[in-house]
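Given next are the chains, with one letter for each unit.
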Amino acid sequence: MSDEHLNWEQIERELKTLPHLEPRAEERIMQEVRATARRGARGRLRGWLFQPYRVTIAPLSALAGAAAVVMLVVGALWLGRGMSERGAAEGTRPEGSAGTQPIQFVVMAPGASRVSLVGDFNGWDASAHPLQQVAAGIWSVVVPLEPGRHEYAYILDGERWIPDASAARAPEDEFGISNSVVLVRGSS
Amino acid sequence: MSVRWILLVAALGAPQAALAQERSLDERFDPRTRAAILAVVDSARADGLPVDPLINKALEGASRGAEPERIIWAVRGLARRLKVARDALGTQSTEAELVAGAAALYSGIAPEKLEQLRAADPGASVALPLVVLADIVERGVPQDTAVSVILTLAGARVADDDYTALRVSVAEDIQAGAPPGVAAQTRARGILLGVRQDEPRPDPR
């Protein structure tokens, strides 16, 4: 048996022999191994998120990205102003979901035989929105209106124009009449 | 529907709506009156002003049985006030703000007051404050008092509901016999006290 062959056998024996450990060391090592295995996908994701990476980017791509961010911010501010405007509205009128809003008009006209609603939303056409008598002397109609400021009035029996007593008043206009005003909220 | 389609439909729909409104003038006016109204409308459109309020003013006059000359005069007057309101409130103003501003001007409010109102809370819509301003002036609140009250509330950045509450309560007070100016000042003071009470108090520690 050569010295070289003898040395290989000694090395093999040494490697197969476990090193001497203190009594609880093996248990601690196995606990750590099991904990690493349990981390699974979440642990790997956390490791990926917190591990530093080197990123390279061309100057043109960086400029394009910055421009996109600026456009997003400006767009969000513009939309926010639009929503603020649409949200600035008056009254306890019922609201719809988007675009036009269903607005209920109610007027007390005990002696009237017919009542019409006229306004800038129907070309001041007395035949466009007749009201229904919902109780003795109480007339009502629901009209979808675009968000914005609208002037209107009621016509009793096709002749007598009256404002809505519960609504805001517009200044008495060039025709010597004070219309009522409704400011319609937009969707929000 | 994508944003692109919504914008396309809106872009195509808006001129169609305006054209439909202009066509309605054909049925309600003789050719001479119609031509005079359309001249004002075209001029306003070229100036970047909203034209629907002008057509509506003409239609309102026709429905009320007003004389053609009076209707033309009313449309011209509104076009002038819309321009003054736009100059005072800014070119980014909405149609509702411009029409409300024109109404406030018609009730005697100076253009400078519109500028001050816009400056009091630049990010907010002035449509509702202007509607309430015109309303309380119409109900008899002296102009100076009404302007002062609305500017103070705008400066305090009160909520929309507070403007509505002011309008309703001032109308009730006046109906109950209160002097209009006193009613407006008292109710505005109450709103401001409410706003201040709602503000978070400093920590006494």
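Cut-offs and rules
- Residues numbered from 1 in each chain as written.
- Chains lettered and ligands numbered in written order.
- Predicted model: local features only at pLDDT ≥ 70, side-chain atom pairs only at ≥ 80, totals over all residues.
- Helix = DSSP H or I, 4+ residues; strand = E, 2+ residues; numbered from the N terminus.
- Buried ≥ 20, exposed ≤ 12 C-beta atoms within 10 Å, placed from the backbone.
- Contact = placed C-beta atoms within 7 Å.
- Expected span 1.5 Å × (residues − 1).
- Nonpolar A, V, L, I, M, F, W, Y, C, P; charged D, E, K, R; others polar.
- Core = buried A, V, L, I, M, F, W, Y, C linked by C-beta atoms within 7 Å.
- Pairing = 2+ DSSP bridges.
- Axes fitted to C-alpha atoms, helices over the stretch in contact; angles between N-to-C directions.
- Parallel < 35°, antiparallel > 145°, perpendicular 65-115°, else oblique.

J.: I tried to follow the overall build of chain B on my own but got confused; where do I start?
T.: When its secondary structure is counted, chain B shows 10 helices and zero strands. In chain B, the succession of α and β elements from N to C terminus is α-α-α-α-α-α-α-α-α-α. Of all 205 residues assigned to chain B, the portion counted as buried reaches 40%. When contacts within chain B are restricted to residue pairs at least 6 apart in sequence, long-range pairs at least 24 apart make up 64% of them.

J.: Honestly, the overall build of chain A in this entry has me stumped. Any pointers?
T.: When you go through chain A residue by residue, the secondary structure sums to three helices and nine strands. Ordered by position from N to C terminus, the α and β elements of chain A give α-α-α-β-β-β-β-β-β-β-β-β. Counting across all 188 residues of chain A, residues that qualify as buried make up 23%. Look at the contacts in chain A between residues 6 or more apart in sequence, and 61% of them connect residues 24 or more apart.

J.: Just to check I follow, could you spell out unusual backbone geometry for this structure?
T.: Most peptide bonds take the trans configuration, and most residues that are not glycine carry a negative phi. For Asp157(A), which is not glycine, the phi dihedral falls at a positive 55 degrees. Position of Asp157(A) relative to the elements: it lies in the loop between β6 (148-156) and β7 (160-162). Here Arg157(B), not a glycine, exhibits a phi torsion of approximately 55 degrees, which is positive. With respect to the helices, strands and loops of the structure, Arg157(B) is situated in the loop between α8 (143-155) and α9 (160-175). The exposure class of Arg157(B) is exposed, given the 12 C-beta atoms found within 10 Å.

J.: Just to check I follow, could you spell out the environment of Val51(B) for this structure?
T.: Residue position: Val51(B) is located in the loop between α2 (31-46) and α3 (52-63). Val51(B) sits in the buried class, given 21 other C-beta atoms within 10 Å.

J.: Explain helix α5 (residues 95-106) of chain B here, please?
T.: One full turn of an α-helix is made of 3.6 residues, so residues set three or four places apart face in the same direction. A rise of 1.5 Å per residue sets the reference length of α5(B), with its 12 residues, at 16 Å; its end C-alpha atoms lie 16 Å apart and thus fit the reference within 8%. Within the sequence span of α5(B), burial applies to Ala96(B), Glu97(B), Leu98(B), Val99(B), Ala100(B), Gly101(B), Ala102(B), Ala103(B), Ala104(B) and Leu105(B). Close packing links the buried residues of α5(B) with β6 and β9 (180-184) of chain A together with α3, α4 (68-89), α6 (111-120) and α7 (127-138) of chain B. Directly after α5(B), the chain includes Gly108(B), whose backbone phi takes a positive value near 105 degrees.

J.: Could you clarify how one ought to interpret the interface of chain B and chain A in this entry?
T.: Put simply, an interface is often sized by how much accessible area is lost when its parts join up. Facing the 34 residues of chain B at the interface are 23 residues of chain A. Looking at the side of chain B that touches chain A, the elements with two or more residues in it are α3, α4, α5, α7 and α9 of chain B. In terms of residues, the side of chain B that touches chain A owes the most to one element, α7(B), which gives seven residues. Taken together, the residues of the side of chain B that touches chain A sort by class into 15 nonpolar, 10 polar and nine charged.

J.: Would you explain the nonpolar core in this entry?
T.: Generally speaking, nonpolar side chains in soluble globular proteins are found buried as a group. Residue and element names in this part refer to chain B. Leu 54, Val 75, Val 131 and Leu 133 are the most contacted members of the largest nonpolar core, which has 81 residues in total. Sorting elements by how many residues they give to this core places α4 first, with 10 residues. The contact partners of Val 75, leaving out residues within four places of it in the chain, are Ile 37, Val 40, Leu 54, Lys 57 and Ala 58.

J.: What exactly am I supposed to notice about α7(B) here?
T.: Residues and elements named next belong to chain B. For α7, which comprises 12 residues, the first-to-last C-alpha distance of 17 Å matches the rise-based estimate of 16 Å (1.5 Å per residue) to within 8%. The buried fraction of α7 is high, at 11 of 12 residues. Listing the buried residues of α7 in full gives Ala 127, Leu 128, Pro 129, Leu 130, Val 131, Val 132, Leu 133, Ala 134, Asp 135, Ile 136 and Val 137. Within two residues after α7, Gly 140 carries a phi angle of roughly 110 degrees, on the positive side.

J.: Would you explain the environment of Met108(A) in this entry?
T.: All names here are of chain A. Structurally, the position occupied by Met 108 is in strand β1 (residues 101-108). Looking at Met 108, the number of C-beta atoms within 10 Å reads 13, which means it is partly exposed. For the pair Met 108 and Trp 139, spaced 31 residues apart in the sequence, the C-alpha separation amounts to 6.3 Å. In contact with Met 108, other than residues within four places in its own chain, are Gly 137 and Ile 138.

J.: Would you take a moment to explain the sheet that holds strand β5 (residues 138-145) of chain A for this structure?
T.: Backbone-to-backbone hydrogen bonds join strands into a sheet, with any given pair of strands oriented parallel or antiparallel. Residues and elements named next belong to chain A. What the three strands build is an open sheet, ordered β1-β5-β4; its pairing is antiparallel. Where the open sheet ends on each side, the last strands, each with one partner, are β1 and β4 (132-135). Averaged over all adjacent pairs, the angle separating strand axes in this sheet is 40 degrees, with direction ignored. Summarising the sheet, β1 and β5 pair through eight bridges and their orientation is antiparallel.

J.: Would you take a moment to explain the packing of α2(B) against α4(B) for this structure?
T.: Packed helix pairs are specified by the crossing angle of their axes together with the interaxial distance, meaning the distance between the axes. All names here are of chain B. Where α2 contacts α4, the axes come no closer than 10 Å and their chain directions differ by 5 degrees. By the angle class used here, α2 and α4 are roughly parallel. Within the contact between the two elements, α2 uses Thr 33, Ala 36, Ile 37, Val 40 and Ala 44 and α4 uses Pro 68, Ile 71, Ile 72, Val 75, Arg 76, Ala 79 and Leu 82. In terms of residue class, the contact of α2 with α4 is built from 10 nonpolar, one polar and one charged.

J.: Whenever I open this one, the pairing of strand β2 (residues 115-119) of chain A confuses me. Can you help?
T.: Regular strands show a simple pattern: their side chains alternate between the two faces of the sheet. Residue and element names in this part refer to chain A. Buried residues dominate β2, accounting for five of its five residues. Across two bridges, the pairing between β2 and strand β3 (residues 129-130) is antiparallel. Note on β3: the bridge partner recorded for Leu 117 is His 129.

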